[in-house]
Amino acid sequence: VKVIVKLFLEPKYNVTYKRTNDINDCKGPCFLIYNHQSRIDYVWLSRIAYPTRLNFVVGYNEFFRSHLQFIFKLAHAIPKKNFNSDVASIRGMNQIIKQGGVVCFSPEGMSSIGGSNQPVALGTGKLIKHLGIPVYYSVIKGGYLTSPKYELTDRLGYIEVEIDKLFEVDDIKNLSPEEIEIKINKAIKHD
């Protein structure tokens, strides 16, 4: 997949990557959160995190699309019921964390409808505080203009993907869930 993305997708979208703090420097489990701008954000996230393997949390409804089932199974995607407390999803995340893996999800809960961010889903701060692992974040710029959720025809464009660290374990201990959500909203803001 890396070769296909590098040869065919990256030139089409003029993708650039900026790693302020590289997720590959993290020893142990962590979260990677991102602003969900397009249908193919997972491609850019997988590339910027390479060789670290990402385990994506995906909306439960997406698992009913027959063309995605093989990809989700191959990627060990974790199903999550949108905007609900989902014990099975948290168990799946815990399993990845215990194995020292990276759990990747969009705290907005779904892809952008109009190109700008939606507020972080309630409970995101509690989840991060409860699991207490470092948090990296990625901001994808230009994704909405090239492959929005409402149109299957991709457009030529320019995409910039940035990754940085948002929280160390000590930061999470010292912040309330509400403060965590405020900081996430600021970090992944894009319009």
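Refer to the structure printed above.
No experiment lies behind these values; they were computed from the predicted model shown.

What counts, and at which threshold
- Residues numbered from 1 in each chain as written.
- Predicted model: local features only at pLDDT ≥ 70, side-chain atom pairs only at ≥ 80, totals over all residues.
- Heavy atoms only, no water.
- Core = buried A, V, L, I, M, F, W, Y, C linked by side-chain atoms within 4.5 Å.
- Buried < 20%, exposed > 50% of the residue type's maximum accessible area, 1.4 Å probe, protein only.
- Helix = DSSP H or I, 4+ residues; strand = E, 2+ residues; numbered from the N terminus.
- Contact = heavy atoms within 4.5 Å.
- Salt bridge = Lys/Arg side-chain N within 4 Å of Asp/Glu carboxyl O.
- Phe/Tyr/Trp six-rings, centres within 6.5 Å; stacked < 30°, edge-to-face > 60°.
- Pairing = 2+ DSSP bridges.
- Right-handed = clockwise from strand over helix to strand, strands pointing away.

## Topic: the nonpolar core
When a protein is soluble and globular, its nonpolar side chains tend to lie buried together.
For step 1, the next point in the chain: Core analysis: the biggest nonpolar cluster contains 27 residues, and I23, L32, W44, L45 and L54 have the highest contact counts within it.
For step 2, the next point in the chain: Among the secondary structure elements, those contributing two or more residues to this core are α1 (2-13), β2 (30-34), α2 (41-49), β3 (54-59), α3 (66-75), β5 (102-105), β6 (135-141) and β7 (159-167).
For step 3, the next point in the chain: Tallying contributions element by element places α2 first for this core, with five residues.
For step 4, the next point in the chain: Among residues more than four places away in sequence, those in contact with L32 are I23, L45, L54, V102, V103, C104, F105, Y136, Y137, S138 and I163.
For step 5, the next point in the chain: Among the nonpolar cores identified, the runner-up in size contains 25 residues, and F105, L127, L131 and A187 belong to it.

## A short note on the pattern of salt bridges
Between side chains of opposite charge, a pair can form as their charged atoms come close.
For step 1, the next point in the chain: Within the structure shown, the criterion is met by five salt bridges.
For step 2, the next point in the chain: Put simply, R47 and E10 hold a salt bridge, and the shortest N to O gap is 2.7 Å. Taken together, the residues R47 in helix α2 and E10 in helix α1 connect sequence positions 37 residues apart. With respect to burial, R47 and E10 carry one shared label: buried.
For step 3, the next point in the chain: Residues joined by salt bridges that share partners form a network here, namely K141, E160 and E162.

## Here we look at the packing of aromatic side chains
For step 1, the next point in the chain: Overall, the coordinates contain four aromatic pairs when judged by the stated rule.
For step 2, the next point in the chain: Centroid distance F31 to F105: 5.5 Å. Interplanar angle 85 degrees. Geometry classified as edge-to-face. Pair noted here: F31 is in strand β2 and F105 is in strand β5, with a separation of 74 residues, a long-range link. Exposure class is identical for F31 and F105. Each is buried.

## A look at the pairing of β3
Looking down a regular strand, the side chains alternate between one sheet face and the other.
For step 1, the next point in the chain: Here β3 lies mainly inside the structure; six of its six residues are buried.
For step 2, the next point in the chain: Across three bridges, β3 lies against β5 in parallel orientation. Across the sheet, residue L54 finds its bridge partner in β5, namely V102.
For step 3, the next point in the chain: Here β3 pairs with strand β4 (residues 78-80) via three bridges, running parallel. What sits directly across from V58, in β4, is P79.
For step 4, the next point in the chain: With α3 bridging β3 and the parallel β4, this β-α-β connection has right-handed handedness.

The values reported here are purely geometric and, on their own, carry no functional implication.
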